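# Chains, contacts and geometry: an overview
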Amino acid sequence: QVQLVESGGGLVQPGESLRLSCAASGSIFSFVAMGWYRQAPGKQRELVARITSIGVTNYADSVKGRFTISRDDTKKTVYLQMNSLKPEDTAVYYCNGDPLVYTWGQGTQVTVSS
């Protein structure tokens, strides 16, 4: 079984940055793309960034140019660098495969507020 543990969230002001980490344990499928998802209160969970096994990235329009997803296969960790954060980015952030082949972790809360 694969366990995903997200970390790095917190409370920041608009315009500031955060770096989220998603550490995986267990036998992961290295050929599966990984994504960062977020769910804001009252909203559906949405995919905001993904990275394939060969490093091809995709971003939701809402975060394009501000967020960068990366992966370190030696550490079995996926990162999300979030710059120029906006209040609209406030959500619980989760990582998972794309497609959703793993069990959801607990997520990490990102709150952007002045």
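In what follows, the structure referred to is the one given above.
Since the structure is predicted, the reported quantities are computational estimates derived from the model, not experimental observations.

Next up on the list: unusual backbone geometry. In this chain, Asp 98 is followed by Pro 99 through a cis amide linkage whose omega measures 10 degrees. Positionally, Pro 99 belongs in the loop between strand S9 (91–98) and strand S10 (108–112). Despite not being glycine, Lys 76 shows a phi value in the positive range, around 50 degrees. Even without glycine at this site, Ser 84 takes up a positive phi of about 50 degrees. Position of Ser 84 among the secondary structure elements: in the loop between strand S8 (77–82) and S9. The exposure class of Ser 84 is partly exposed, given its relative accessible area of 41%.

A separate point is the pattern of salt bridges. Counted according to the given criterion, the structure contains 6 salt bridges. A salt bridge links Lys 64 to Asp 61; the shortest N-O distance between them is 3.0 Å. Looking at Lys 64, the relative accessible area reads 51%, which means it is exposed. A relative accessible area of 66% places Asp 61 in the exposed class.

Strand order in the open sheet made by the 4 strands is S1-S3-S8-S7, with antiparallel pairing throughout. Whereas interior strands pair on both sides, the edge strands pair on one side only; in this sheet they are strand S1 (3–7) and strand S7 (67–72). Between one strand axis and the next, the sheet turns through 15 degrees on average, direction left out of account. Bridge count between S1 and strand S3 (residues 18–25): 5 bridges; the pairing is antiparallel. Bridge pairing in S3 places Gln 3 opposite Ser 25.

Its location among the elements puts Val 32 in the loop between S3 and strand S4 (33–39). For Val 32, a relative accessible area of 8% puts it in the buried group. When the C-alpha positions of Val 32 and Val 112 are compared, they lie 31 Å apart, and in sequence the two are 80 residues distant.

The rules behind these values
- Residues numbered from 1 in each chain as written.
- Predicted model: local features only at pLDDT ≥ 70, side-chain atom pairs only at ≥ 80, totals over all residues.
- Heavy atoms only, no water.
- Helix = DSSP H or I, 4+ residues; strand = E, 2+ residues; numbered from the N terminus.
- Buried < 20%, exposed > 50% of the residue type's maximum accessible area, 1.4 Å probe, protein only.
- Salt bridge = Lys/Arg side-chain N within 4 Å of Asp/Glu carboxyl O.
- Pairing = 2+ DSSP bridges.
- Axes fitted to C-alpha atoms, helices over the stretch in contact; angles between N-to-C directions.

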